[in-house]
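Residue strings, one per chain:
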Amino acid sequence: MNRSCFLSLAALLLAATVATAQTFGLGEIDAPKQQRVTAELVASVSAAAPGQPFQAAVKLVHAKDCHTYGKVLPPGVIGKPTKLTWTLPEGWQIEELPWPATHQVPSTDGAISDGYDGTVYLPVKITPPATAAVGSSAALKVKVNALVCDPKSCLPFAKEVALTLSVAAAPVTNEANAAALASAPAPGKSPDSPPLTPVTSEAKPAANKALEPATAPPATPAAAPKIPLTFAELLLYAFLGGLILNIMPCVFPVLGIKVTSVVQQAGEDRRKVVLHGLMYTVGVLLSFWVLGGFAIALNKGWGSQLQSPAFNFFLAAFFLIFALNMAGLFEIGTSAIGVGSGLQSKGGLGGSFFSGLLATVVATPCSAPFLGTALGATLAMPASQSMLIFTLIGLGLASPFLLLSLFPGLISALPRPGAWMESFKQGMSFLLFGTVGFMLYVLTNQIEGLPVLFAILSLVLIALGCWIYGRWALPHKPARTQNIARLLTLLAVAGGLWLGLPNASAKRSHAEETVNLKDPDALHWETWSPEKVAALRAAKQPVYIDFTASWCWTCQVNKRVYSDTGLRALFKQHKVATLKADWSDENETIRLALEALGKRAVPVNVLYIPGAEEPFILDELLTVGNVTAALKKLGE
């Protein structure tokens, strides 16, 4: 075996050892560096007694210059609170105790934050049930979720720690732990810490950076921290991101509907025109408030509802019915479900409102420029500020049509309504049919086998129901015929929804992708995992990660750049490992990784350069030029 082969084999074995060790919880071998924080569950007793309470605590040991946050963030501090989720045997009771006071700690870019460093104990009181059997044992578990930061970056920390205690007739004290817990700083006291003088400032979401509101004077002019975005600038980003959503591919179907509506408004009195614009804006804002509340309450990402195959199926069925209505297959009244017909009526305010709701639904698969920065900032902001950002995104999306309604002179320049509008409306239906196709594409990436066939056939059955309604549920038909038609329509649509609804067992398992045999020059994408990234970086190999999702339209547009031959040559020249983090289905690990990057939405594309601690984050909309520029940094 020659020397080069031996070295290659050694590197491969090292990477495999790193990945295996991390997979089986044998410790992080990310690099020859100390872990940022370790967690341990300790108790003041080594044996508990029935009905007698004892003290326990999560012991966090931070590496030098690292810190985590407290249970509640102090006013003005932007970060991520530390959360403990306990799992105890049946009958065991837990009572939260006050945590030690946090104190000023050095944070990213020379900033000042407020949290814990060194060794800290987060205490609770646990009481076994009076009926606990002497001689038995009990497993106590707690999951720690935190954000751990050093002076350069922040990363999520999630780990479950456990402790098994025996049950005895009388408690047996653990002298070392009891002493440590007794001497731990009490509420109102702070552990020893060097004095720091904070200077308030605003926050900026950045790659692997905390959103810290304070900055300290730099030690030297060369070490001056970057100037972060103010909250006002984040609001501007939110508005611009919402405005740009209007030209993203996922919003095209609603644009066609609204263009039809705007043309219809030509010639109407100004009051009605303004009402149409306001109703559309209210519809957009209402749906963004719901999305914002959902994201804040459940800590979900932008578009995360599209991780549900059932939601995507219902969306496909809805757009199909909507498209068939616009195409003229059937006509219904001016109710909210009949937006297509409502747009043709003089008083279709419900149609404008519903168009606003629909605009937000179809906008969520897209993340426009500026939008990623604004959404990322909501990760660590108070709920009121996060909702204000969602409001500005909604106003940005609604602003073009709101301006048209407020300045009717712009509408008067449009063609007058006429018979041509019916043809235009039917033509716009094909945008919705295209959306149905896209939703089916999303489904085929989430489910496989017979459920895919059932989903397609169910849409055919739903279309049959719409045809029956449009053919026989007409005003000039006998009442008996109309009633039978409505019943058959209901059965066909309900049967279609029942037939095609995916269940959890139908979810596709996302395995590692293999080499494309039809295109041997294509990039070889492997499935992302934190362990794989750590192993590759430890081997000093460049790593390119594509955080994507099948329901993300912008992600699909981005993939076009990877077919460029010059770009492929650069990936191979620099031996870049390409990993795909597929967020099509709910994945907590990917969500935490996005949070660590200061992101809440996909697409996100990052490049890890050997020797650099932090990744280089590319623009949300990829071009051959900006990906090439990123790869050329490997040669610098």
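If you're wondering where the values come from, they're calculated on a predicted model, not measured in any experiment.

What counts and how
Residue numbering note: each chain is counted from 1, following its sequence as written. Whole-chain, interface and lining totals are the exception, using all residues; otherwise, since this is a predicted model, local features are given only for residues with pLDDT of at least 70 and side-chain atom pairs are given and counted only at 80 or more. Side-chain figures throughout are based on the complete set of non-hydrogen atoms in the structure, without hydrogens or water. A side-chain nitrogen of Lys or Arg and a carboxyl oxygen of Asp or Glu constitute a salt bridge if their distance falls within 4 Å. Each helix is a run of DSSP H or I of at least 4 residues and each strand a run of E of at least 2, with the numbering of both proceeding from the N terminus. Between buried and exposed lies partly exposed: a residue is buried under 20% and exposed over 50% of the maximum accessible area for its type, with that area taken using a 1.4 Å probe on protein chains only. Here a strand pair is declared whenever DSSP counts at least two bridges between the two strands. Joining through side-chain atoms within 4.5 Å is the link that ties buried Ala, Val, Leu, Ile, Met, Phe, Trp, Tyr and Cys residues into a set, and such a set is a nonpolar core.

Student: Kindly report on the pattern of salt bridges, identifying the contributing residues and their values.
Tutor: This structure, assessed with the given rule, holds five salt bridges. Here Lys-71 ties to Glu-96 by a salt bridge, and the two come within 3.2 Å at their closest N and O atoms. Placement of Lys-71 in the loop between β3 (54-62) and β4 (83-87) and of Glu-96 in strand β5 (residues 93-96) is noted, with a sequence separation of 25 residues between them. Accessibility expressed as a relative area gives 34% for Lys-71, which makes it partly exposed. Relative accessible area serves as the criterion here: at 61%, Glu-96 is assigned to the exposed category. The partner of Glu-526 in a salt bridge is Lys-532, with the nearest N and O atoms 3.7 Å apart. Given a relative accessible area of 26%, Glu-526 falls into the partly exposed group.

Student: Describe the pairing of strand β15 (residues 543-548), and please don't skip the residues or the numbers.
Tutor: Most of β15 is tucked away: six of the six residues are buried. Burial along β15 is two-sided: Val-543, Ile-545 and Phe-547 facing one way and Tyr-544, Asp-546 and Thr-548 facing the other are all buried. Sheet topology note: the β15/strand β16 (residues 577-582) ladder contains six bridges and is parallel. Among the inter-strand pairings, Thr-548 is bridged to a residue of β16, identified as Asp-582. Two strands pair when backbone bridges link them, and β15 and strand β17 (residues 604-608) are joined in this way by five bridges, in the antiparallel orientation. When the sheet's bridge partners are listed, Asp-546 is paired in β17 with Asn-605.

Student: Tell me about the nonpolar core, and name the residues and values.
Tutor: Membership of the largest hydrophobic core comes to 47 residues, with the highest contact counts inside it found for Trp-528, Ile-545, Phe-547 and Val-602. Here this core takes ten residues from helix α6 (residues 309-326), the largest share from any one element.

Student: Can you break down the sheet that holds strand β14 (residues 525-527) residue by residue, with the values?
Tutor: Pairing is mixed in the open sheet, where five strands are placed in the order β14-β16-β15-β17-β18. Either end of the sheet is taken by a strand with one partner, and the two such strands are β14 and β18 (616-617). One ladder, built from three bridges, connects β14 with β16; its direction is parallel. Across the sheet, Trp-525 pairs through a bridge with Thr-578, a residue of β16.

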